[in-house]
Amino acid sequence: MHDHARAVDLIENAVDARPFCSCGRHTTPVWRDGVVWLECSSLGDPRDGIVARFVAAATSPAHVRTPIIAVLEDGLPLAA
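I will try to describe carefully the structure that is included in this document.

Criteria and cut-off values
- Residues numbered from 1 in each chain as written.
- Predicted model: local features only at pLDDT ≥ 70, side-chain atom pairs only at ≥ 80, totals over all residues.
- Heavy atoms only, no water.
- Core = buried A, V, L, I, M, F, W, Y, C linked by side-chain atoms within 4.5 Å.
- Buried < 20%, exposed > 50% of the residue type's maximum accessible area, 1.4 Å probe, protein only.
- Helix = DSSP H or I, 4+ residues; strand = E, 2+ residues; numbered from the N terminus.
- Phe/Tyr/Trp six-rings, centres within 6.5 Å; stacked < 30°, edge-to-face > 60°.
- Lys NZ or Arg CZ within 6 Å of the ring centre and 35° of its normal.
- Disulfide = S-S within 2.5 Å.
- Contact = heavy atoms within 4.5 Å.

### Observations regarding the nonpolar core
Then, number 1: Of all hydrophobic cores here, the largest spans 10 residues; its members are Ala7, Ala14, Cys21, Val36, Leu38, Cys40, Val64, Ile68, Ile69 and Val71.
Then, number 2: Take this core: its biggest share by element is 3 residues, from strand β2 (residues 35-40).

Here's what the structure looks like:
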(Lines give C-alpha, C1' and ligand atoms only; values in the text may rest on other atoms or scores of the structure.)
Protein backbone atom coordinates (compact mmCIF):
# COMPACT_ATOMS: atom_id res chain seq x y z
CA MET A 1 0.00 0.00 0.00
CA HIS A 2 1.28 3.44 -0.88
CA ASP A 3 0.46 6.76 0.70
CA HIS A 4 -0.69 9.75 -1.35
CA ALA A 5 2.69 11.47 -1.50
CA ARG A 6 4.45 8.30 -2.67
CA ALA A 7 1.78 7.61 -5.30
CA VAL A 8 1.98 11.16 -6.67
CA ASP A 9 5.77 10.91 -6.69
CA LEU A 10 5.70 7.67 -8.70
CA ILE A 11 3.26 9.16 -11.22
CA GLU A 12 5.25 12.39 -11.61
CA ASN A 13 8.51 10.47 -12.03
CA ALA A 14 6.96 8.28 -14.73
CA VAL A 15 5.67 11.30 -16.65
CA ASP A 16 9.02 13.09 -16.30
CA ALA A 17 10.91 10.01 -17.49
CA ARG A 18 8.76 9.56 -20.60
CA PRO A 19 6.86 12.76 -21.47
CA PHE A 20 6.32 11.81 -25.13
CA CYS A 21 5.36 8.70 -27.08
CA SER A 22 7.41 7.62 -30.09
CA CYS A 23 4.59 9.01 -32.28
CA GLY A 24 5.29 12.51 -30.91
CA ARG A 25 2.14 12.89 -28.79
CA HIS A 26 2.43 13.57 -25.05
CA THR A 27 1.86 10.88 -22.46
CA THR A 28 -0.67 11.17 -19.69
CA PRO A 29 -1.45 9.20 -16.53
CA VAL A 30 -4.79 7.36 -16.74
CA TRP A 31 -6.54 5.34 -14.01
CA ARG A 32 -8.13 2.15 -15.34
CA ASP A 33 -9.05 -1.12 -13.62
CA GLY A 34 -7.26 -0.29 -10.37
CA VAL A 35 -3.98 0.69 -12.04
CA VAL A 36 -2.58 4.08 -13.00
CA TRP A 37 -1.10 3.74 -16.50
CA LEU A 38 1.19 6.06 -18.43
CA GLU A 39 -0.42 6.18 -21.88
CA CYS A 40 0.05 7.96 -25.17
CA SER A 41 -2.62 10.65 -25.40
CA SER A 42 -3.63 9.36 -28.85
CA LEU A 43 -5.03 6.18 -27.27
CA GLY A 44 -7.88 8.21 -25.76
CA ASP A 45 -8.88 9.93 -29.00
CA PRO A 46 -12.31 9.06 -30.40
CA ARG A 47 -12.23 6.75 -33.42
CA ASP A 48 -14.96 7.59 -35.94
CA GLY A 49 -15.51 5.11 -38.71
CA ILE A 50 -14.48 1.54 -39.29
CA VAL A 51 -11.20 2.40 -41.06
CA ALA A 52 -10.09 4.62 -38.17
CA ARG A 53 -10.87 1.82 -35.71
CA PHE A 54 -8.82 -0.69 -37.72
CA VAL A 55 -5.87 1.71 -37.96
CA ALA A 56 -6.08 2.42 -34.21
CA ALA A 57 -6.14 -1.29 -33.40
CA ALA A 58 -3.19 -1.99 -35.69
CA THR A 59 -1.02 0.84 -34.35
CA SER A 60 -1.89 0.73 -30.63
CA PRO A 61 0.96 -1.68 -29.70
CA ALA A 62 3.46 0.94 -30.93
CA HIS A 63 2.19 3.54 -28.44
CA VAL A 64 3.26 3.92 -24.81
CA ARG A 65 1.07 2.07 -22.30
CA THR A 66 2.98 1.29 -19.12
CA PRO A 67 1.59 0.56 -15.64
CA ILE A 68 2.81 2.98 -12.97
CA ILE A 69 1.11 1.96 -9.72
CA ALA A 70 -1.81 -0.20 -8.57
CA VAL A 71 -4.45 1.80 -6.69
CA LEU A 72 -7.47 0.19 -5.09
CA GLU A 73 -10.87 1.45 -6.20
CA ASP A 74 -11.45 2.79 -2.70
CA GLY A 75 -8.37 4.94 -3.25
CA LEU A 76 -5.44 5.49 -0.99
CA PRO A 77 -5.99 5.79 2.75
CA LEU A 78 -6.39 9.40 3.86
CA ALA A 79 -3.87 10.85 6.26
CA ALA A 80 -5.38 12.25 9.46
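### Observations concerning the packing of aromatic side chains
Then, number 1: Inspection of the entire model under this criterion finds 0 aromatic pairs.
Then, number 2: A cation sits over an aromatic face here: arginine 65 above tryptophan 37, 4.0 Å from the ring centre.

### Focus: the state of the cysteines
Then, number 1: The tally for this structure, following the rule as stated, stands at 0 disulfides.
Then, number 2: Left unpaired, cysteine 40 is separated from the closest cysteine sulfur, that of cysteine 23, by 3.6 Å.

### Focus: the side chain of serine 41
Then, number 1: Relative to the assigned elements, serine 41 resides in the loop between β2 and α2 (50-59).
Then, number 2: With residues up to four places along the chain from it excluded, the contact list for serine 41 reads Arg25, His26, Thr27 and Thr28.

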